[in-house]
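Summary of structural features
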Amino acid sequence: MFGPKMSDFHIWLLLVWVLLWTLMLLTASHEVKPAKRPNFIIILADDMGWGDLDANQPERKSNNTPNLNLMAAQGLKMTDFHSPASTCSPSRAAILTGRYGLRNGVTHNFAVESVAGLPLSEVTFPQLLQKEGYYTAMIGKWHLGHNGPYRPTKRGFDYYLGIPYSNDMGCTDKPGYNLPKCPPCESTGSHLMRSLHGGCYSKLALPLIENISIVEQPLDLWSLTDQYKSAALQIIHNASARGQPYLLYMALAHMHVPLAPPPPAGAASEGVYTSSLKEMDSLVGTIRSASDDTDKNNTLIWFTGDNGPWEQKCQYAGSVGSFTGKWQTNKGGGSAKQTTWEGGHRVPAVAYWPGRIPENTSSSALLSGMDIFPTLLSLAGINPPADRRYDGMDATNVLLHQEHMGHEFLFHPNSGAAGQFGDLQTVRAGKYKAFYITGGAEACGGTTGRPQLHDPPLIFDLERDTAEETPLQVQTPEYLAVAQRIARRREELLWDIATDKSVSTADYRKEESAAPCCDRRQAVCRCNTLD
Ligand SMILES: *[C@@H]1O[C@H](CO)[C@@H](O)[C@H](O)[C@H]1NC(C)=O
Ligand SMILES: *[C@@H]1O[C@H](CO)[C@@H](O)[C@H](O)[C@H]1NC(C)=O
Ligand SMILES: *[C@@H]1O[C@H](CO)[C@@H](O)[C@H](O)[C@H]1NC(C)=O
Ligand SMILES: *[C@@H]1O[C@H](CO)[C@@H](O)[C@H](O)[C@H]1NC(C)=O
């Protein structure tokens, strides 16, 4: 009598079992199927001023950066975004590793004859993206070592086209605009090495490198923008055609001297700097269009700068906006690049990702170029190696969800002539900023700020005093409270670094033979394989 009943029961059991399995398989296959991974385009301007971005100073009604303004209007503008250092190599090293120079070892610039670069113990975000199947390409200025294992193609990039260091660190046949004016390359010469006179590197021609080969030496400054543009478009189109997620890290030569604006800019009344700025903006616009046309809504474009304007270059330097660093300039000396005044550190920042970043948003969260590392990895679903400590924060919620939580504290390393390179002697804490050291940089006109230690520190309230002119009175309750918080946090951070198991030391040795030369049999290193 149980027979038929049991088999009914069994059929029911079987049905339920099949249903459960189907559900499980469905959800499992849903989880396993990888979501389409986003593409990343990181564009880093060189020596651009915070005030160069029109969108940062709408009251000025300038129209030099229409493409960036549009990206900000269709995306996010970050107004309190900082370069991780105020010179080139340390800033780039910190962006690529998400760590302060005291951890990654890069505390000042590499030279033409540097034998090494970013320590090999450091891990870069392109390396991690590459390992997870991203196509990774870099265009532009590297400045983290141009020999052997230090080259971009050994540090996480599948493809590289660009210059190994700054565009003023080698001669060209038709020099761009610089101050002082630098001579063209010599066609004959008795030795290879640069001779540095009056701020010009005259002897060794500036090379253009593709992957690991020098393809032009000297390169043509005036066609560099077109070469970069064409490579960028190929990278975007090729990767999209393959359906492969990609990273394009584009470290522009703009706005670093020598400037080489398109004709007839030199003569135009708007001036050399402005027409270079417009050229850069148009290049950014071309890249944005290519990205929109290929994989719209799946590509994050993040534009920022490596440090503030190079003030000593006068009319060839950018604008710091209202961040004029008056305390310093009143005493003589520069308050932009190579300093930790706002002009040296606060850089333009725009993030554009249609469909993901809400349109026309703005954030005054305290952020840093070091945040690019954890943010990109988080968006790609990759965990960074756990054997080291990081200083960047994941800014996904600021980008995508209009949250405004930035760094509680942000340290700026010494990058100029003052103090020990890399030391964290300037600190942001909310609207406050403390300086333990000032001076060291040259202003337009040639005065250099006297290096000066401050104990107790100078503390400014940036909300009341964007020009950093009048420090808070020492001994006021406001001052004491801030000074105490900052001093405590500084101790904690130094301890954190001291106990980080993965702290690197960069090798800054120089040798003449380490300078890039396409053909050492020639006295002046001159080749042009593109001809
Ligand atoms: C650079 O590498 C890419 C990708 O591997 C390759 O397609 C290209 O031909 C290389 N270029 C040179 C000059 O070696
Ligand atoms: C893009 O693809 C074209 C056509 O296959 C190829 O010639 C070119 O070298 C590729 N460019 C890059 C930068 O990979
Ligand atoms: C991109 O996203 C926007 C906003 O969500 C949407 O209106 C648009 O259709 C999307 N475009 C594409 C090409 O998917
Ligand atoms: C963007 O936002 C600003 C300020 O919130 C507003 O004045 C402006 O009209 C907005 N622009 C667009 C295109 O929505």
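Now for a look at the structure at hand. Predicted, not measured: the structure shown is a model, and the values here were computed from it.

Here we look at the packing of aromatic side chains
- Evaluation of the coordinates by the stated rule reveals 15 aromatic pairs.
- Between phenylalanine 40 and tyrosine 134, the aromatic rings sit 5.8 Å apart at their centres with planes inclined by 10°, giving stacked as the arrangement. Placement of the pair is phenylalanine 40 in strand S1 (residues 39-45) and tyrosine 134 in the loop between helix H5 (125-131) and strand S4 (135-140), with a sequence separation of 94 residues.
- Positioned over the ring face of tyrosine 135 is arginine 242, at 4.7 Å from the centre of the ring.
- Above the ring of tyrosine 436, the side-chain terminus of arginine 490 is found at 4.1 Å from the ring centroid.

With respect to the state of the cysteines
- In this structure the tally under the stated criterion is 5 disulfides.
- Residue cysteine 314 pairs covalently with cysteine 444 via a disulfide, S to S 2.1 Å. Residues cysteine 314 and cysteine 444 share a disulfide whose torsion about the S-S bond is about 105°; that sign makes it right-handed. Placement of the pair is cysteine 314 in the loop between strand S11 (299-305) and helix H8 (326-329) and cysteine 444 in the loop between strand S17 (432-438) and strand S18 (452-461), with a sequence separation of 130 residues.
- Exposure remark for cysteine 314: the relative accessible area of 22% places this residue in the partly exposed category.
- Look at cysteine 444 and you get partly exposed, because its relative accessible area is 44%.
- Each sulfur of the disulfide joining cysteine 518 and cysteine 527 lies 2.1 Å from the other.

Topic: the pattern of salt bridges
- Under the defined criterion, the tally for this structure stands at 31 salt bridges.
- For arginine 288, the salt bridge goes to aspartate 292, with nearest N and O atoms at 2.9 Å. With arginine 288 and aspartate 292 both in helix H7 (residues 272-295) and 4 residues apart, the pair spans about one turn of that helix.
- The exposure class assigned to arginine 288 is buried, which follows from its relative accessible area of 12%.

Side note on the site of ligand 2
- Around ligand 2, a shell composed of Tyr135, Gln234, Ile235 and Asn238 is seen.
- Between ligand 2 and glutamine 234 there is a distance of 2.7 Å, counted from a nitrogen atom to a side-chain nitrogen or oxygen.
- Interatomic distance of 2.3 Å between a side-chain N/O atom of asparagine 238 and an oxygen atom of ligand 2.
- Alone, ligand 2 offers 360 Å² of accessible surface; in the complex the protein occludes 43% of this.
- Ranked by the residues each element gives to the shell around ligand 2, the list is headed by helix H6 (residues 224-242), at 3 residues.
- Split by residue class, the shell around ligand 2 holds 2 nonpolar, 2 polar and no charged.

Digging into the nonpolar core
- Judged by nonpolar contacts, the single largest core of 58 residues is most densely connected at Ile43, Met48, Leu248, Met250, Met280 and Phe303.
- Of all the elements, H7 adds the most residues to this core, at 8 residues.
- Other than its neighbours up to four places away in sequence, isoleucine 43 contacts Met250, Leu252, Val284, Ile287, Ile301, Trp302, Phe303 and Thr304.
- Tyr249, Leu376, Leu377 and Ile382 belong to the second-largest nonpolar core, a separate cluster that totals 49 residues.

Quick notes on the rules
- Residues numbered from 1 in each chain as written.
- Chains lettered and ligands numbered in written order.
- Predicted model: local features only at pLDDT ≥ 70, side-chain atom pairs only at ≥ 80, totals over all residues.
- Heavy atoms only, no water.
- Phe/Tyr/Trp six-rings, centres within 6.5 Å; stacked < 30°, edge-to-face > 60°.
- Helix = DSSP H or I, 4+ residues; strand = E, 2+ residues; numbered from the N terminus.
- Lys NZ or Arg CZ within 6 Å of the ring centre and 35° of its normal.
- Disulfide = S-S within 2.5 Å.
- Buried < 20%, exposed > 50% of the residue type's maximum accessible area, 1.4 Å probe, protein only.
- Salt bridge = Lys/Arg side-chain N within 4 Å of Asp/Glu carboxyl O.
- Near = heavy atom within 4 Å.
- Polar contact = N/O pair within 3.5 Å; in protein donor to acceptor, adjacent residues only side chain to side chain.
- Areas by Shrake-Rupley, 256 points an atom, 1.4 Å probe, with all protein chains shown as cover.
- Nonpolar A, V, L, I, M, F, W, Y, C, P; charged D, E, K, R; others polar.
- Core = buried A, V, L, I, M, F, W, Y, C linked by side-chain atoms within 4.5 Å.
- Contact = heavy atoms within 4.5 Å.

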